[in-house]
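Residues per chain, in single letters:
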Amino acid sequence: MQIKECIVSAPGKAILHGEHAVVHGKVALAVSLNLRTYLRLQATSTSKVCINLPNINTFLSWDVTALKQLLPDSGAELGNVNELDAELVRMLRNFVGVSNGTLDTRSMAILAFLYIYLCVFAKSGELPSLTVSVWSELPTGAGLGSSAAYSVCLAAAMLSASGTIPSPLSDQENTARWDEVEMELINRWAFQGERIIHGNPSGVDNAVGTWGGILRYHSGKITALSRVPMLRILLTNTKVPRSTKVLVAGVKDKMNKFPSIINPVLESVDAVSCACEQTITEMASDTPTPEHYNVLEELIDINQHHLNVIGVGHPTLDTLCRVTLARGLHSKLTGAGGGGCGITLLRPETEFSVVQNTIQDLRDCGYDCWETSIGAAGVQQHSPLAVKEEVLEVLARY
Ligand SMILES: Nc1ncnc2c1ncn2[C@@H]1O[C@H](COP(=O)(O)OP(=O)(O)OP(=O)(O)O)[C@@H](O)[C@H]1O
Ligand SMILES: C[C@@](O)(CCO)CC(=O)[O-]
Ligand SMILES: [Mg+2]
């Protein structure tokens, strides 16, 4: 089989409001970040499938013949794009030797890779030998959608390499995006990858990884907010490791235990997301005022309290909120919480020295902290000419 080599990338994300509640059908607002995951797919003649994941120090390969044994004899449809094939996941767990319920970083990444590889190429008629290398600017497992950016890259690269979707690159362009129909397909396969990594994802993270920009996400309905103000945001990584899968399951347990207490909290988070959307829409269509920023800050504080109530806070995130408030700035966790990252809203009038001092305070706590820009492009294909030297160098190393 002639496979098409490619380099693709997808952005990470920050959730402004609605994490966890979105898993239970509430509204979330999420933005793409200027930190990306890059994937390079190369054709080989080694009769092997190789995966190189330097961020998690994982380098593995399998014989194509061994992988072929996992395909059903009957030629039955393998892995429908709309639902996870539980039997295939079970076989893959046995194949790579991981038990059900494992949270091991490597196992999750490998299962997602093999699942998408087998499903996409089985449909195109043949399993090719190839090498996939992935490198990310995102911290892994810290709330910035690293699993989704990874899954989106896997889906885009395999669909493209198999010829299921065309390459969007032309002679004139070194970076290009797919059309809506193809992005739809990439997003669906990425969602299956997220299911393997997360257990019960809402789909918001892979939607941002695919479309980029600022999105409203509600029960699978994705709406791009076209008019948005320039928001300045600080990102802080507490560096406390956590698993989205465990945190999402913990919220579900709390809901089952105290439905009449937790459900109203999720309703309130929904209302926070809607109020935030209304405020940023107003800010975009009119001149943003200090009052708008006051509302955004209050919504951040309210939501952070809610997230603590549903059990996804962490002492390091409390510290983030306290330290930034001492400088007059408001913060909340972002993503699944339990450690990982938080966001801090900067006002237009926030002085440079205040930002610098806040960053220093947070670094003194042992956290990473930096100002980020939001609204980056979603999944893209690149020619090698369009990829930063240092990224190409890492991808070419394996
Ligand atoms: N660069 C990468 N290389 C390989 N695997 C990755 C990479 N980035 C993420 N992963 C996979 O995703 C998992 C982390 O996903 P998890 O959902 O827990 O965190 P996150 O996506 O960073 O945060 P959140 O879901 O809260 O936004 C890792 O354990 C690994 O399996
Ligand atoms: C915690 C969560 O809401 C966001 C993780 O980035 C999970 C999800 O939506 O899949
Ligand atoms: Mg994730």
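As the structure is a computational prediction, the values presented were derived from the model and not from experiment.

A. Structural context of the pattern of salt bridges. Here the structure, examined in full by the defined rule, presents 14 salt bridges. The partner of Asp63 in a salt bridge is Lys48, and the shortest N-O contact between them spans 2.7 Å. Of this pair, Asp63 sits in strand β4 (residues 58–63) while Lys48 is found in strand β3 (residues 48–53), placing the two residues 15 residues apart along the sequence. Among the residues examined, Asp63 registers a relative accessible area of 36% and is labelled partly exposed. Salt-bridge contacts for Glu87 lead to Arg90; the nearest nitrogen and oxygen are separated by 2.7 Å.

B. Spatial organisation of the site of ligand 1. In the vicinity of ligand 1 lie 24 residues, with Lys13, Thr105, Ser146, His198 and Arg242 positioned nearest. For ligand 1, an oxygen atom lies 2.8 Å from a polar atom in the backbone of Thr105. Residue Gly143 places a main-chain N or O atom 3.1 Å away from an oxygen atom belonging to ligand 1. Surface burial for ligand 1 is 96%, taken as the share of its 630 Å² of free accessible area covered by protein chains. Among the secondary structure elements, those contributing two or more residues to the shell around ligand 1 are α3 (105–123), α4 (146–161) and α5 (180–198). Taken together, the residues that form the shell around ligand 1 break down as 9 nonpolar, 12 polar and 3 charged.

C. Here's a closer look at the sheet that holds strand β12 (residues 368–372). Pairing is antiparallel in the open sheet, where 4 strands are placed in the order β10-β11-β9-β12. Two strands close off the open sheet at either side, each with one partner strand: β10 (330–333) and β12. The average undirected angle you get between the axes of adjacent strands in this sheet is 25 degrees. In this structure, β10 lies alongside strand β11 (residues 341–346), joined through 4 bridges in antiparallel fashion. When the sheet's bridge partners are listed, Ser331 is paired in β11 with Thr344. The strands touched by helix α11 (residues 352–364) within the sheet are β9 (232–237), β11 and β12, with β9 carrying the most contacts at an inclination of about 15 degrees.

D. Spatial organisation of the UniProt feature "domain: GHMP kinase N-terminal" (unreviewed entry) in the chain. Using the residue numbers shown here, the UniProt feature "domain: GHMP kinase N-terminal" (unreviewed entry) corresponds to residues 119–209. Secondary structure across residues 119–209 comprises 51% helix and 10% strand; the distance between its end C-alpha atoms is 21 Å.

E. Main features of the coordination of the magnesium ion (ligand 3). For the magnesium ion (ligand 3), every protein donor is listed as Ser147 (OG) and His198 (NE2), and the spread of their distances is 2.1 to 2.3 Å. Within this pair, whereas Ser147 is found in helix α4, its partner His198 is found in helix α5, the two being separated by 51 residues in sequence. Residue Ser147 is classed as buried on the basis of its relative accessible area, which comes to 14%. We classify His198 as buried; its relative accessible area is 8%.

F. Structural detail: the site of ligand 2. The local shell around ligand 2 holds 14 residues, among which Lys13, His20, Pro201, Ser202 and Asp205 are the closest. Contact between ligand 2 and Lys13: an oxygen atom at 2.5 Å from a side-chain N or O atom of the residue. Within the backbone of His20, an N or O atom sits 2.8 Å from an oxygen atom of ligand 2. In isolation ligand 2 has 300 Å² of accessible area, and contact with the protein removes 98% of it. Put simply, ligand 2 lies in the largest pocket. Going through the elements one at a time, β1 (6–17) and α6 (204–211) are the ones with two or more residues in the shell around ligand 2. Across the shell around ligand 2, the residue classes break down as 7 nonpolar, 4 polar and 3 charged.

Conventions and cut-offs
- Residues numbered from 1 in each chain as written.
- Chains lettered and ligands numbered in written order.
- Predicted model: local features only at pLDDT ≥ 70, side-chain atom pairs only at ≥ 80, totals over all residues.
- Heavy atoms only, no water.
- Salt bridge = Lys/Arg side-chain N within 4 Å of Asp/Glu carboxyl O.
- Helix = DSSP H or I, 4+ residues; strand = E, 2+ residues; numbered from the N terminus.
- Buried < 20%, exposed > 50% of the residue type's maximum accessible area, 1.4 Å probe, protein only.
- Near = heavy atom within 4 Å.
- Polar contact = N/O pair within 3.5 Å; in protein donor to acceptor, adjacent residues only side chain to side chain.
- Areas by Shrake-Rupley, 256 points an atom, 1.4 Å probe, with all protein chains shown as cover.
- Nonpolar A, V, L, I, M, F, W, Y, C, P; charged D, E, K, R; others polar.
- Pairing = 2+ DSSP bridges.
- Axes fitted to C-alpha atoms, helices over the stretch in contact; angles between N-to-C directions.
- Contact = heavy atoms within 4.5 Å.
- UniProt positions renumbered as here; feature names shortened; annotations may be inferred.
- Donors = N, O, S within 2.8 Å, 3.2 Å for Na, K, Ca; no water.
- 1 Å grid on protein atoms, 1.4 Å probe; cavity = no way out; pocket = protein on both sides within 12 Å on 5 of 7 lines; lining within 4 Å.
- Sits in = over half its atoms within 2 Å of the grid points.

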